[in-house]
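A structural walkthrough
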Amino acid sequence: MPVSIATKNRIPVLNIAGQSTPLVSFFGNYSDVGSEGRQTTCDTIRMAADVAGVHIHSVIMHLPWNHPADGPDYQETDTIIQSLLEADPDTKLMIRFHTQPASRHEDGCHTSLDPTFEVSDRYHNQLLLSDKGTTHGISLASEAWEADLLDNVEGFVRHLLAQPYSDSIMALHPDCNEWFSAVDYHSVGDFSEPMQRAWREWARRNYRDNAELSEAWGSAFAFETMQVPTLEERRTDDGSAVLDPEKARRICDFYRFYNERVAELIIRLGRTIKMASQGRYLSLFFYGYLFELSNNFLHGTQQSGHCALRKILDSESIDMLSGPISYFERWDVAENGGSYFMCPVDSITANGKIWIQEDDARTYLKTGNGGLTPAKSLESTLHIARKNMANTIVHNAGTWFMDLPAQGWLKDARIWQEIGRLNRVYRGLYEQNKAEMFQADVAVIIDEKSIYAMDASNELMQSLLYKNRYVLSRIGTTCGYYLLSDLVGGRVPQAKLYIFLNAIDVRADERRCIADTLRQQVCTLLWLY
């Protein structure tokens, strides 16, 4: 029976076989982990189902690519899904797959990019190019890659529909480095020819001619010769943290173009999934890390591609979004840190989408050194699970408990007993009709387009967006997290206090709307910058 998302009590609710259910799931890796790791994933799926009654599972696998030599090979896909169904015959599967062609080793593991594709004529000069001259996979502006990708996704979906296990598939989850720029922390991009061409085409769609373009950008420019702004051009002249949106319109335009380009590609992928599956499969994407990525890019969140969440939320082709629990406070403190969202989670819910919180907490079973600090004991592991799940429930989100390297992080029945108990608590809210829109005392507001007006530095945004979550989580009352566009659009529940974190570029019509809306309430407005 088809899986769907419906609105109930003003929140999005997952329906499976006609029954409302919270999205609590297990995430396992079946892609790059070898035979031992694949067996661990199947064992954990079996434990999740038998002990906790968790039957929604997400796994990583590779998209069968239509290779010029021999076409797509779906045998591996069918074998993987059959193994998963043997572990849990009642599974509802969310398939996460890589969107760039990958090669396979003898042990079944894959690399991130097949070198035979990288050097082929079809992908010649299609690689993302950084300001330092380094390449990082195929550019997201590559028309050749996108055409092949959409064709391969459509073929993949049609294959899944034709199989006996088709009803066991719940959602498809295309992934490309979580859809933020593959350039490293210290670099910016994308200076590849595909991105240069896409940038010029965007300018042609938004300006009538070279004269209007030059007037808007404050200097002589031509569609035929304009270039992606360099790092130096993205900086302010006086060293300040904020660009003048009028004087630096070219830079703000570029950030808008780039972020919308990523969002539009995601939407086209979502539309392909919905159309090819005839609406039977849900679409799921990593996106919207507005609070988090100011810490991931030295030169600013605006470089990431994640700053067009409004476009994603307005699209009927996107059903669910996801991202990990914030890594803030998790490197040194496993038990006592906050369980922060990377996104304005309550805006996602207010727009009828489900946010899935990726709980990749390292349990006491984690082996090896490096990475995030693991829990010290079983009790510590259970404490972290309770904390993270409580935050998920309050914000009407979903979650998956993750064993990314397939090393057995969750291979303990006592962990799944607790997850099962938490799942029953969440399910009870649905059964008693008590799951409803989160009504917070404080509405925390973030503005995407104001991020475009930032200097090529992460210093200010890191303070306003990344670190402020520490204070907000300890403020002594409830906080909801929203886009400014949702406040203007009337989708934010009334609050006692509205905190505007980064409302730097607020237009006259937005000011009027905010004033008209909030004048009718007894509330306080706090502008941080």
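Look a little higher up for the structure.
Residues numbered from 1 in each chain as written. Predicted model: local features only at pLDDT ≥ 70, side-chain atom pairs only at ≥ 80, totals over all residues. Heavy atoms only, no water.

**A word on the pattern of salt bridges**
Under the convention used in this document: Salt bridges are defined by distance alone: a side-chain nitrogen of Lys or Arg within 4 Å of a carboxyl oxygen of Asp or Glu. A run of H or I in DSSP counts as a helix once it spans at least four residues, and a run of E counts as a strand once it spans at least two, with each numbered from the N terminus. Exposed residues in this analysis have more than 50% of their type's maximum accessible area, buried residues have under 20%, and partly exposed residues fall in between, with area computed by a 1.4 Å probe over protein chains only.
Inspection of every chain in the model, using the stated rule, returns 32 salt bridges. Of the charged contacts in the structure, one is a salt bridge between E260 and R256, with a shortest N-O distance of 3.4 Å. With E260 and R256 both in helix α7 (residues 249–276) and four residues apart, this pair spans about one turn of that helix. E260 sits in the buried class, given a relative accessible area of 16%. Here R256 falls in the partly exposed class, since its relative accessible area comes to 32%. Shared partners join several salt bridges into a network, and the residues in it are R310, D314, D486 and R491.

**Looking at the sheet that holds strand β2 (residues 11–16)**
Stated precisely, the cut-off is as follows: Pairing between strands requires that DSSP locate at least two bridges from one strand to the other. To get an axis, fit a line to the C-alpha atoms, keeping to the stretch in contact for a helix; angles then go from 0 to 180 degrees between the N-to-C directions.
Spatially, the three strands line up as an open sheet ordered β1-β2-β3, and their pairing is antiparallel. Only two strands of the sheet have a single neighbouring strand rather than two, namely β1 (3–8) and β3 (19–21). Strand-to-strand, the axes of this sheet are offset by a mean angle of 45 degrees, without reference to chain direction. Note that β1 and β2 share six bridges and pair antiparallel. The residue of β2 that forms the bridge with S4 is N15.

**As for the pairing of strand β16 (residues 497–500)**
Bridge analysis of strand β14 (residues 442–446) against β16 gives four bridges, and the strand direction is parallel. Residue pairing for β16: V444 is matched across the bridge by I499. Pairing of β16 with strand β17 (residues 524–527) involves four bridges; the strand directions are parallel. In the strand pairing of β17, L497 is matched with T524.

Scope: geometric values only; no functional claims are made or implied.
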